[in-house]
Amino acid sequence: MNRCERAARALPERGVDALLVLSEANRFYLTDFHSTAGVALVTGEGSWFFTDSRYIEAARRSIDGLAVEENTLAHPALKTVGQILYQRGLRRVGIEDAALSLAEYRKLQDTLKGCELLPASDLLQQLRAAKDEEEIRRMVSAQRIAERALEEALEMIRPGRTEREIAAFLQYRMLLGGAERMSFEPIVVSGPNSSMPHGVPTDRPVGEGDFITMDFGCVREGYCSDMTRTVAVGFATEEMERVYRTVLAAQQAGIDAARAGIPGAEVHEAAARVIRDAGYGDYFGHGFGHSLGVEIHEAPNASPSCRDPLPAGAVISAEPGIYLPGAFGVRIEDVLVIREGGCQDITRAPKELLILQ
Ligand code: ZN
Ligand code: ZN
C-alpha cells in the first residue's frame, strides 16, 4: 500500500472525506517529489497532485500513486480541487491546521465554499511517526555523511580555529559528501559558549581546556540526520570529565529504556534520573529527544510531556546534555530507530571523551 492509500484508509476514522495537503514536507512525504509549489488531494477514490509548469514534467516522470495534473493561472489547483470534491459529493475536508497560516485558511474557506474544513494535521503526523525501511535507509545514509564530515573536522580542529570556521568546514564536507542541504544550521559552540544548548557559532577561536560542542546533520534523499559530539581541546579538567561521563551514562540509560510501546516521557525520565542523581538536575533543561525524518523536528518526542507510546519505526534522537552557565556544556546525540523490545542506534561515531592534542 502506498502512502496515499494509507492516508486514504485513515480518513473515515478522522471523520473526513478528503485530505488537502499544502505543506512542503507533507507533499514530499506523499509524493517523494520535491517542489516549492503544489497541492495534493487524498480521497478514498484516488489521489491527485497539482503543480505548475516549473515542475510538471519532472513530477509526471517521478510520481506514482497520484494522478499528476498541471495547474495554470487560468486553472488554479484549488479550483480544480473544489470541482473534484463537488463532483464526488465530498464535503468534509481535512486540512493541515498546524501548518496553515490564517491567510491561507481564509483563502481555502473562500475557494472551497460549501466544504467543511476540519483539522487533520495529526493524520499525516501519525503516519510519518513510524518510518518504513526505505525511510530508515535514507536516514542512515544521511547519518554516514555527517559522521564522515565529523571525522574530517576532528583533523582540522586545533587551537586558533574559530567556531565559525569549524561550522563552515562541517557544512562544506557534508555537501561534498553527498548532502542535498543541511538539516539545520550547524551549532558549533566552544568554551563558555558551550553552555548555551543552541548557541550560534561565533568568531571565538578555540583554545586549550575548551569543550567544543558540534550539533549538525544533513539531508539525503529528502531525509534528515542529526548528531552531536562534544570534544575537548588540549586537556579536560576533572569536572569536565565528570560531566561528560554523566551525560554519556544518561544517554545510555535512555537508549536502554527506548522501545516500542513505552511513552517518550519514560525514556526522558530514564536519562534525567541519571543526571539528577549526579547532582546536575538543574542543568538539563530540554527533552531527551525528538523524532526526525522529512523534517528535523517531528512527533513524537522523548520529553516529559509526551505520554503517547512510541510506535515501532519511530526515529528519535537521544541527546541529553548538561549546561553549566558561564563554564561549559556537554551534549551527546545519537539517532535511534525504535523497534519492538528495544532500539537500534544508527549513529556510529565514537563517544568516549576525545581530547584533541
Ligand atoms: Zn542535533
Ligand atoms: Zn536533535
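Reading guide: rules and limits
- Residues numbered from 1 in each chain as written.
- Chains lettered and ligands numbered in written order.
- Predicted model: local features only at pLDDT ≥ 70, side-chain atom pairs only at ≥ 80, totals over all residues.
- Heavy atoms only, no water.
- Donors = N, O, S within 2.8 Å, 3.2 Å for Na, K, Ca; no water.
- Tetrahedral: all angles 85-135°; square planar, octahedral: opposite > 155°, others 65-115°.
- Helix = DSSP H or I, 4+ residues; strand = E, 2+ residues; numbered from the N terminus.
- Salt bridge = Lys/Arg side-chain N within 4 Å of Asp/Glu carboxyl O.
- Buried < 20%, exposed > 50% of the residue type's maximum accessible area, 1.4 Å probe, protein only.
- Phe/Tyr/Trp six-rings, centres within 6.5 Å; stacked < 30°, edge-to-face > 60°.
- Disulfide = S-S within 2.5 Å.

Peer 1: When you look at the coordination of the zinc ion (ligand 2) in this model, what are you seeing that I'm missing?
Peer 2: Around a metal, the idealised angle for a tetrahedral arrangement of four donor atoms is 109.5 degrees; for an octahedral arrangement of six donor atoms it is 90 or 180 degrees. Coordination sphere of the zinc ion (ligand 2), protein contribution only: Asp226 (OD), His290 (NE2), Glu319 (OE) and Glu333 (OE), at 2.1 to 2.2 Å. Metal-centred angles of 80 to 154° between the 4 donor atoms at the zinc ion (ligand 2) mark the site as irregular. A distance of 3.0 Å spans the gap from the zinc ion (ligand 2) to the zinc ion (ligand 1), which Asp226 bridges by coordinating each metal. Taken together, the positions of Asp226 in the loop between β11 (223-224) and β12 (227-233) and Glu319 in the loop between β15 (315-318) and β16 (321-324) put the pair 93 residues apart, joining distant regions of the chain.

Peer 1: I'm lost on the pattern of salt bridges in this one. Help?
Peer 2: Close approach of charged atoms allows side chains of opposite charge to pair. Inspection of the entire model under this criterion finds 26 salt bridges. The residue Glu135 makes a salt bridge to Arg3 at a minimum N-O spacing of 3.6 Å. Taken together, the residues Glu135 in helix α8 (residues 133-156) and Arg3 in helix α1 (residues 3-9) connect sequence positions 132 residues apart. Just as Glu135 is buried, Arg3 falls in that class too. Among the charged side chains, a salt-bridge network with shared partners connects Asp32, Glu134, Arg137, Arg138 and Glu221.

Peer 1: Help me understand the coordination of the zinc ion (ligand 1) in this model?
Peer 2: Note on the zinc ion (ligand 1): its protein donors are Asp215 (OD), Asp215 (OD), Asp226 (OD) and Glu333 (OE). The metal-donor distances range over 2.0 to 2.7 Å. The site at the zinc ion (ligand 1) holds 4 donor atoms, and with the angles between them running 52 to 152°, its shape is irregular. One chain supplies every donor to the zinc ion (ligand 1), and in sequence these donors are spaced D-x10-D-x106-E. Taking the relative accessible area as the measure of exposure, Asp215 reaches 3% and is therefore buried. Relative accessible area serves as the criterion here: at 0%, Glu333 is assigned to the buried category.

Peer 1: Would you take a moment to explain the packing of aromatic side chains for this structure?
Peer 2: Aromatic rings in a pair are described by how distant their centres are and how their planes are angled relative to each other. Under the criterion given, the structure shown has 5 aromatic pairs. Centre to centre, the rings of Phe211 and Phe328 are 5.5 Å apart; their planes meet at 65°, and the pair counts as edge-to-face. Note that Phe211 is positioned in strand β9 (residues 211-216) and Phe328 in strand β17 (residues 328-331), a separation of 117 residues in sequence. By relative accessible area, Phe328 is classed as buried at 8%. Through successive ring pairs, a cluster of aromatic residues spans Phe33, Phe49 and Tyr55.

Peer 1: Mind showing me how you'd approach the state of the cysteines here?
Peer 2: Disulfide: a covalent bond connecting the sulfur atoms of a pair of cysteines. Evaluated as defined, the whole model comprises 0 disulfides. You can see Cys115 has no disulfide; the closest cysteine sulfur is in Cys4, sitting 19 Å from it. Just so you know, Cys218 is unpaired, no disulfide at all, and the nearest cysteine sulfur is the one on Cys224, 8.6 Å from it.

Such coordinate-based values are descriptive only and should not be taken to indicate function.
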